[in-house]
Amino acid sequence: MGYSYTIGQNSFVGTITISMVDKIKSKVGDKIPSLPKSKKRDVSSKSESEFDYARVRDQCFNSMFLKKSGYHFSQSRWGAEPVPYQFRGLELVGPKPVPVNDADAKNGIDRRIRFEFVLDSYRRFNKGKGWEAWQFQNPPSLSEISLLRQNGEWKVASAPTSSYSLR
């Protein structure tokens, strides 16, 4: 855990570990008096635009996944017909800043961020056999969600919405 908070805090493993520890602290912090409280961010001093990305990110995520009974569900959008998918432990990790280049700046883009999908496992539904066995890897084409802020407005730059959708 020390690695995650020091050297590896910006690594994939570090980000996941920090996220899990923060969740545990928020759920059991009041029950363990010696546990340091999680620091709340003071959002009053930040501009509203800094937090608008959450709305855009969540709209994108919710267009792809339905949460029910502790699982997330979606369907593939490739092939002859959609195939239902079930995800266990699906989360978005981030934001991770992405450098802005000169071309971005000329187009009014002043910020880019990305969110990675992390999951425990997934499975597909087979019409003839029912739910297949759980796969402990990332499913095909589940790439990250990238957002950009252009002229003060957050937008989805890329997302796997062409691969997974509720429709």
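The model shown is predicted, which means the values in this text are computed figures rather than measured ones.

1. Observations concerning unusual backbone geometry
Put simply, Gly-94 and Pro-95 share a cis peptide bond, and its omega is 10 degrees. Among the secondary structure elements, Pro-95 is positioned in strand β4 (residues 91-98). For Ser-141, which is not a glycine, the phi torsion comes out positive at approximately 65 degrees. Turning to its location among the elements, Ser-141 is positioned in the loop between β7 (130-131) and β8 (145-150). One non-glycine residue, Asn-151, lies in the positive phi region at around 50 degrees. For Asn-151, the location among the structural elements is in the loop between β8 and β9 (153-158).

2. What about the packing of aromatic side chains?
The description of an aromatic ring pair uses the distance of the two centres, along with the angle that the planes make with each other. In this structure the tally under the stated criterion is 16 aromatic pairs. Measuring from ring centre to ring centre gives 5.0 Å for Phe-61 and Phe-65, while their planes differ by 40 degrees; the resulting arrangement is tilted. Overall, the relative accessible area of 3% leaves Phe-65 in the buried class. On the basis of an interplanar angle of 35 degrees and a centroid distance of 6.5 Å, the ring pair of Phe-87 and Tyr-122 is categorised as tilted. Taken together, the residues span a long stretch of sequence, with Phe-87 in strand β3 (residues 84-88) and Tyr-122 in strand β6 (residues 121-126) at a distance of 35 residues. Classification of Phe-87 as buried rests on a relative accessible area of 0%. Taken together, the ring pairs in this structure connect Phe-61, Phe-65, Trp-78, Tyr-85, Phe-87, Phe-117, Tyr-122 and Tyr-164 into an aromatic cluster. It is Arg-57 that lies over the ring of Phe-115; its NZ or CZ is 5.2 Å from the centre.

3. Here we look at the environment of Asp-58
Note on placement: Asp-58 falls in helix α3 (residues 49-64). Within polar-contact distance, the side chain of Asp-58 engages the side chain of Arg-57 at 2.9 Å.

4. Describing the pattern of salt bridges
Under the definition given, this model contains 7 salt bridges. Asp-110 is the partner of Arg-149 in a salt bridge, and the nearest nitrogen-oxygen pair spans 2.9 Å. Taken together, the residues Arg-149 in strand β8 and Asp-110 in strand β5 (residues 109-118) connect sequence positions 39 residues apart. Accessibility expressed as a relative area gives 45% for Asp-110, which makes it partly exposed. Glu-116 is the partner of Arg-114 in a salt bridge, and the nearest nitrogen-oxygen pair spans 2.9 Å. On the accessibility criterion, Arg-114 (23% relative accessible area) is partly exposed. What you see here is one network of salt bridges that share partners, running through Arg-114, Glu-116 and Glu-144.

5. Here we look at the sheet that holds β4
Read from one edge to the other, the open sheet built from 4 strands follows the order β4-β5-β8-β9, with strand pairing classed as antiparallel. Strand pairing shows two members of the sheet lacking a second neighbour, β4 and β9, which therefore form its edges. Recorded for the sheet is a direction-independent mean angle of 30 degrees between the axes of neighbouring strands. Examined bridge by bridge, β5 and β8 share 6 bridges and lie antiparallel to one another. Note on β8: the bridge partner recorded for Ile-109 is Gln-150.

6. Details of the pairing of β3
Sheet topology note: the strand β2 (residues 71-76)/β3 ladder contains 5 bridges and is antiparallel. Looking at the pairing, Ser-74 lines up with Tyr-85 of β3. Strand direction decides the pairing type here: β3 and β6, joined by 4 bridges, are antiparallel. Bridged to Gln-86 within β6 is Arg-123.

Definitions and cut-offs
Residues numbered from 1 in each chain as written. Predicted model: local features only at pLDDT ≥ 70, side-chain atom pairs only at ≥ 80, totals over all residues. Heavy atoms only, no water. Helix = DSSP H or I, 4+ residues; strand = E, 2+ residues; numbered from the N terminus. Phe/Tyr/Trp six-rings, centres within 6.5 Å; stacked < 30°, edge-to-face > 60°. Buried < 20%, exposed > 50% of the residue type's maximum accessible area, 1.4 Å probe, protein only. Lys NZ or Arg CZ within 6 Å of the ring centre and 35° of its normal. Polar contact = N/O pair within 3.5 Å; in protein donor to acceptor, adjacent residues only side chain to side chain. Salt bridge = Lys/Arg side-chain N within 4 Å of Asp/Glu carboxyl O. Pairing = 2+ DSSP bridges. Axes fitted to C-alpha atoms, helices over the stretch in contact; angles between N-to-C directions.

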